[in-house]
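Overview (structure and organization)
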Amino acid sequence: MAENHITRREFMKFVGVGTAALVGATTGLEQVAQAAEKGATDAFKKMAHRPPFRPISPSDQDKLVLPKEFRQDLIAAWGDDIGNGEKFGYNCDLTVYFPINGSSKHGLLWVNHEYIGTGALFMYDADTPEAEKHAIEQYNVGGSVIEIKLSDGKWRLVKGSRYARRITANTMMELTGPARGDAVVGGVHKVKGTFANCSGGRTLWDTVLTCEENFEEDAKRWGRNDTHYGWVVEVDPFDPSSTPQKHTALGRFSHENAAMTLSKDGRLVVYMGDDSNDQYFYKYVSKKKYQPSRGKDNRYLLSEGTLYVANLADGKWMPLDLEQSPALKAKFKTQGEVLVHTRDAAKLVGATPLDRPEDVEINPRDGSVYLALTNNTNHGNFHGQILRLIEDGDDAAAKRFVFEVFAVGGRQSGFSCPDNLLFDKQGNLWVCTDISSGKMNKDNTYESFKNNGLFFIVTQGRQAGEAFQFASGPREAEMTGPDFTPDQRTLFIAVQHPGEETKDPKNPTSHWPYGDIPRPAVVAIRGF
């Protein structure tokens, strides 16, 4: 693999830091695209066709393994004090970095806390009263806002930050959109809490969208009205007094994430996947146009628009709207009902069932949309694939599209079960894998891949579609929610559910990261 090795300086050039020939000091992505089109430099051409690091081999070690030229800073782990009397939650997933004053060295980090699972073994014992168990669980899910800073060469949590905040399963939230106040949700305008927070996304006005995924079991166990969950939730990390909003216009299902962009005429478009076997791929198009001058007031765009679902056989986006889809009127009385029962509505209009549509992201170079289909063993699809979708006229609001299979998991490609996706500014794809912890390093189908990892895939040139492994997670962990600082010198990643197959809390299957019990944590990765 020696031919793939480049220096840290070359890596920084590759990801767009301090090189006028490629990105310039101020023009960013636009100049990168122009340079590429003109064949500006041999260095850019070479780096566009190979990974910007020495790829690692699969690992079954109980640690986060990186190429030797990179370092890792542990920022926060489960139970750590984040300030204002709050503790970092469990099973971190999505991370989104928000610069303070435009800085790539000082900002806020939003982190999802998805579920408890076997973490309950370390939270309470069999003698703990049921109500207390539920209270502990409900506090440890949702999300965290933490302030972080790079100082003395290390990323650290800023203690005592005025921004430090926990959003939990008991935080009150506003409903917006057609289901707000509808009888189908009990006629309410406010609901209690968010949980099952998987991935999500960033809005154009710098708030976070955190997505509720597999909510059903906990909602039932905690005696909650399950129509109040399964939504996309907006949180403002810079305003600790703000009330989160659940945007019902974006539909109710097992949301993986929300990728936001603009149509050619300036309307807001949000792409979303439903992470379950034989479920669907969606997009939302706002009724009105985005106005940058309105800042965070643009959130109203997420309340009024049309939700569509993909029919891949015909290459069509099918509207889930009572006025546009007559087939829905035979089953639903209100648009709120359509959105609460999004899956049923999607089936009625002829949506295409897919193999666990998870993360969806938009390539910044050409606007094409990439969708991770993790797997569906019921169909014999054990390793998953990544689809690439091109909208008609390259317009995100188009009613038609074409698609192709961009990459396929399996032994031939070196990765299996693609889940979270991230594009860098050059249009290269970073892919987290999600092999089930119960099958990792045990099942013959997945044994060769060892622990879950993070992979780099070039999207253009002769190596397009090839995967190169950048990181390997601890035992039984899943690496999730990657995000870059604006200068792309730092990559944040969450390490979720290490030691998930633990049966005896005194004998955990992982001791990452502190050497005692397994703790989900967020890590910052940089080059030396």
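Residues numbered from 1 in each chain as written. Predicted model: local features only at pLDDT ≥ 70, side-chain atom pairs only at ≥ 80, totals over all residues. Heavy atoms only, no water.

Along the chain, threonine 374 turns up in the loop between strand S23 (369-373) and strand S24 (385-391). Polar side-chain contacts of threonine 374 include one of 2.6 Å to the side chain of glutamate 358. Beyond its immediate stretch of four places on either side in the chain, threonine 374 contacts Asp355, Arg356, Glu358, His383, Gly384, Cys417, Pro418, Asp419 and Asp434. (Helix = DSSP H or I, 4+ residues; strand = E, 2+ residues; numbered from the N terminus. Polar contact = N/O pair within 3.5 Å; in protein donor to acceptor, adjacent residues only side chain to side chain. Contact = heavy atoms within 4.5 Å.)

The strand order across the open sheet formed by 6 strands is S10-S9-S14-S13-S12-S11, and the pairing between neighbours is mixed. Each having just a single partner strand, strand S10 (190-192) and strand S11 (197-202) make up the two edges of the open sheet. In this sheet, adjacent strand axes meet at a mean angle of 35° when their direction is disregarded. (Pairing = 2+ DSSP bridges. Axes fitted to C-alpha atoms, helices over the stretch in contact; angles between N-to-C directions.)

We now examine the nonpolar core. Ranked by size, the top nonpolar core spans 31 residues in total, and within it Met272, Tyr282, Leu302 and Val309 carry the most contacts. Of all the elements in the fold, those that place two or more residues in this core are strand S12 (208-212), strand S16 (267-273), strand S18 (281-289), strand S19 (305-311), helix H6 (335-340) and helix H7 (342-348). Looking at which element gives the most residues to this core, the answer is S16, with 3 residues. If you look at the next biggest cluster of nonpolar residues, it comprises 24 residues, including Leu64, Leu454, Ala471 and Ala477. (Core = buried A, V, L, I, M, F, W, Y, C linked by side-chain atoms within 4.5 Å. Buried < 20%, exposed > 50% of the residue type's maximum accessible area, 1.4 Å probe, protein only.)

Right, let's get into empty space enclosed by the protein. Applying the stated criterion across every chain yields a total of 4 cavities of 30 Å³ or more. A volume near 50 Å³ is recorded for the second largest cavity. Taken together, Phe281, Leu312, Leu354, Val369, Leu371, Leu387, Leu389, Phe401 and Phe403 form the lining of the second largest cavity. Of all the secondary-structure elements, those providing two or more residues to the lining of the second largest cavity are S23, S24 and strand S25 (401-408). Across the lining of the second largest cavity, the residue classes tally to 9 nonpolar, no polar and no charged. (1 Å grid on protein atoms, 1.4 Å probe; cavity = no way out; pocket = protein on both sides within 12 Å on 5 of 7 lines; lining within 4 Å. Points joined across faces, edges and corners; volume = space filled by probe spheres on them. Nonpolar A, V, L, I, M, F, W, Y, C, P; charged D, E, K, R; others polar.)

With respect to the helices and strands, threonine 194 occurs in the loop between S10 and S11. A relative accessible area of 2% places threonine 194 in the buried class. Sequence-wise, threonine 194 and valine 141 are 53 residues apart; in three dimensions their C-alpha atoms are separated by 7.8 Å. Dropping the residues within four chain positions of it, threonine 194 is found in contact with Val141, Gly142, Ile167, Thr168, Ala169, Met173, Glu212, Val233 and Lys246. At 2.7 Å, the side chain of threonine 194 and the side chain of glutamate 212 are in polar contact.

Put simply, the largest pocket is a space of about 920 Å³. Lining of the largest pocket is provided by 34 residues; of these, Arg202, Glu361, Leu422, Phe423 and Asp483 occupy positions nearest its centre. Sorting the residues of the lining of the largest pocket by element identifies strand S4 (92-99), S11, strand S15 (259-262), strand S22 (357-362), strand S26 (418-423) and strand S30 (478-484) as the ones contributing at least two each. When residues in the lining of the largest pocket are grouped by element, the largest group, 5 residues, is from S4. Estimated volume of the second largest pocket: approximately 770 Å³. Breaking the lining of the second largest pocket down by element, the ones donating at least two residues are helix H5 (216-221), S26 and S30. No other element matches H5, which puts 4 residues into the lining of the second largest pocket. Of the residues belonging to the lining of the second largest pocket, the class tally is 6 nonpolar, 13 polar and 17 charged.

Let's shift gears to unusual backbone geometry. Following tryptophan 512, the chain continues to proline 513 via a peptide bond in cis, the omega torsion being 5°. Here proline 513 lies in the loop between strand S31 (490-496) and strand S32 (521-527). If you check the backbone angles, glutamate 476 has positive phi at about 65° while not being a glycine. Of note, glutamate 476 is situated in the loop between strand S29 (467-472) and S30. You can call glutamate 476 buried: its relative accessible area is 11%. Positioned with a positive phi, glutamine 488 is a non-glycine residue whose angle comes to about 60°.

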